[in-house]
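Spelled out, the chains give:
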Amino acid sequence: MMKKGFMNILLALLFIVIGLILVLQNFGVVDNALEFSWMAILSALLVIIGLKLWVDAIIGKGGSWIVGSFLSIFGALVLLGKMDMIAFQLTDILKLWPLLFIYIGLGMFLGKKRKHKVEISYENGEELLEDEKAPESKPHNSKKQAFVVGDQKYNSENWKVEPLDIKNAVGDYHFDFTKAFIPDRDTPITIKGWAGDIKMIMPEYLEFRVEASMMAGEINILDQTAEGINRKLTFETENYAHTSRRLTIKLDVKAGDIRINRV
């Protein structure tokens, strides 16, 4: 039902676009010699699909504002080229490479903080946090993010620590585990990025292991440092291997700083 409805919307919007172009033809706004080739139809479909992805990203129903906006812009330029309003055709796609810098800049400027919550239920009159209920029966699937741009902060009160697997383009990360609810299990956290700083604050009681690598920059883990070019540093707390509540962290950044402190 969802796919059928989406296709109906695409077809309806396509007819609207064609109708608008015909009206513009009748008023002489568009060249009367315009032919509705498959390329014009394809470019109109790109615009429609791009707008759909853009809107879905805005309202939080999936989608991608980067892919959506690119398809919309590219399709619109090809369509305008078919109308002889600008000099642009399908093979000119490489001319849009400067959009990469715009996307990176907008992502850094509009980066949003993540919101975390801990669900609470009651059993026999006692408060139980969600992760305290049958932890062995829950799969520990990592939350994956690819090519994230912008700063991320994990420092809200009682935020929930979950497995993370992030591939970041450009941006900084700040983790404050002193404010976090940390489940009684081994929680893996993996961050790979091109450029940015990663800062983590650990409570005294928390055991953890860190494998950090940096192409250019400085790594500082509890006053153990490595700086320069192509540096690696592995650190493990004393009781890491003998406790269940712990963090296993892997950090790989091309350029920037990695700093982990205890308070």
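Residues numbered from 1 in each chain as written. Predicted model: local features only at pLDDT ≥ 70, side-chain atom pairs only at ≥ 80, totals over all residues. Heavy atoms only, no water.

1. Regarding the overall build of the protein
Here comes step 1: Counting secondary structure elements, the protein contains 4 helices and 12 strands.
Here comes step 2: Put simply, the protein has 263 residues, and 36% of those count as buried.
Here comes step 3: Restricting to contacts in the protein with at least 6 residues of sequence separation, those with at least 24 account for 59%. (Helix = DSSP H or I, 4+ residues; strand = E, 2+ residues; numbered from the N terminus. Buried < 20%, exposed > 50% of the residue type's maximum accessible area, 1.4 Å probe, protein only. Contact = heavy atoms within 4.5 Å.)

2. Observations regarding the pattern of salt bridges
A side chain with one charge can pair with a side chain of the opposite charge if their charged atoms come near.
Here comes step 1: For the coordinates displayed, the defined rule picks out 5 salt bridges.
Here comes step 2: Across the pair Asp92 and Lys95 runs a salt bridge, and its minimum N-O distance is 3.8 Å.
Here comes step 3: Owing to a relative accessible area of 13%, Asp92 belongs among the buried residues under this scheme.
Here comes step 4: You can call Lys95 exposed: its relative accessible area is 54%.
Here comes step 5: Between Glu211 and Arg209 there is a salt bridge, and its shortest N-O distance comes to 3.1 Å.
Here comes step 6: You can call Arg209 partly exposed: its relative accessible area is 23%.
Here comes step 7: Connected via shared salt-bridge partners are Arg209, Glu211 and Glu236. (Salt bridge = Lys/Arg side-chain N within 4 Å of Asp/Glu carboxyl O.)

3. Structural notes on unusual backbone geometry
Here comes step 1: The residue Leu222 is not glycine, and still its phi comes out positive at about 50 degrees.
Here comes step 2: Of note, Leu222 is situated in the loop between strand 10 (207-221) and strand 11 (224-236).
Here comes step 3: Judged by relative accessible area, Leu222 falls into the partly exposed class, the value being 22%.
Here comes step 4: Despite not being glycine, Asp223 shows a phi value in the positive range, around 75 degrees.
Here comes step 5: Residue placement: Asp223 occurs in the loop between strand 10 and strand 11.
Here comes step 6: Overall, the relative accessible area of 69% leaves Asp223 in the exposed class.

4. Focus on a positive patch on the surface
Here comes step 1: A surface patch of positive charge is lined by Lys167, Lys192, Lys250 and Lys254.
Here comes step 2: For Lys250, the position within the fold is in strand 12 (residues 246-262).
Here comes step 3: The exposure class assigned to Lys250 is partly exposed, which follows from its relative accessible area of 42%. (Patch = residues over 30% accessible without salt bridge, like charges linked within 9 Å, V, L, I, M, F, W, Y side chains within 5 Å. Areas by Shrake-Rupley, 256 points an atom, 1.4 Å probe, with all protein chains shown as cover. Lys, Arg positive; Asp, Glu negative; His and termini not counted. Charge placed at Lys NZ, Arg CZ, Asp CG, Glu CD.)

5. Some words on the confidence of the model for the protein
Keep in mind that low pLDDT regions are not for reading the predicted coordinates in detail.
Here comes step 1: Chain-level pLDDT for the protein is 75 on average; 68% of the residues reach the 70-or-more range.
Here comes step 2: This stretch, residues 112-139, has a pLDDT under 50; its non-local contacts, to residues over four places away or in other chains, come to 40 contacts. (pLDDT = per-residue confidence, 0-100.)

6. Some details on the pairing of strand 7 (residues 173-176)
Regular strands have side chains that alternate between both faces of the sheet.
Here comes step 1: Relative to strand 7, strand 4 (residues 152-154) runs parallel, the two sharing 3 bridges. Paired with Tyr154 across the strands is Phe175, a residue of strand 7.
Here comes step 2: Pairing analysis gives 4 bridges linking strand 7 to strand 9 (residues 186-202), with the strands arranged parallel. Across the sheet, residue His174 finds its bridge partner in strand 9, namely Lys199. (Pairing = 2+ DSSP bridges.)

7. Looking at the packing of aromatic side chains
Here comes step 1: This structure, assessed with the given rule, holds 9 aromatic pairs.
Here comes step 2: Centroid distance Phe70 to Phe74: 6.1 Å. Interplanar angle 10 degrees. Geometry classified as stacked. Taken together, the positions of Phe70 and Phe74, both in helix 3 (residues 65-82) and 4 residues apart, correspond to about one turn of that helix.
Here comes step 3: On the accessibility criterion, Phe70 (24% relative accessible area) is partly exposed.
Here comes step 4: Of the residues examined, Phe74 reaches a relative accessible area of 6% and is grouped as buried.
Here comes step 5: Arranged with centres 6.1 Å apart and planes meeting at 75 degrees, the rings of Phe74 and Phe88 form a pair that is edge-to-face. Of the two residues, Phe74 sits in helix 3 while Phe88 sits in the loop between helix 3 and helix 4 (99-110), which places them 14 residues apart along the sequence. Exposure class is identical for Phe74 and Phe88. Each is buried. (Phe/Tyr/Trp six-rings, centres within 6.5 Å; stacked < 30°, edge-to-face > 60°.)

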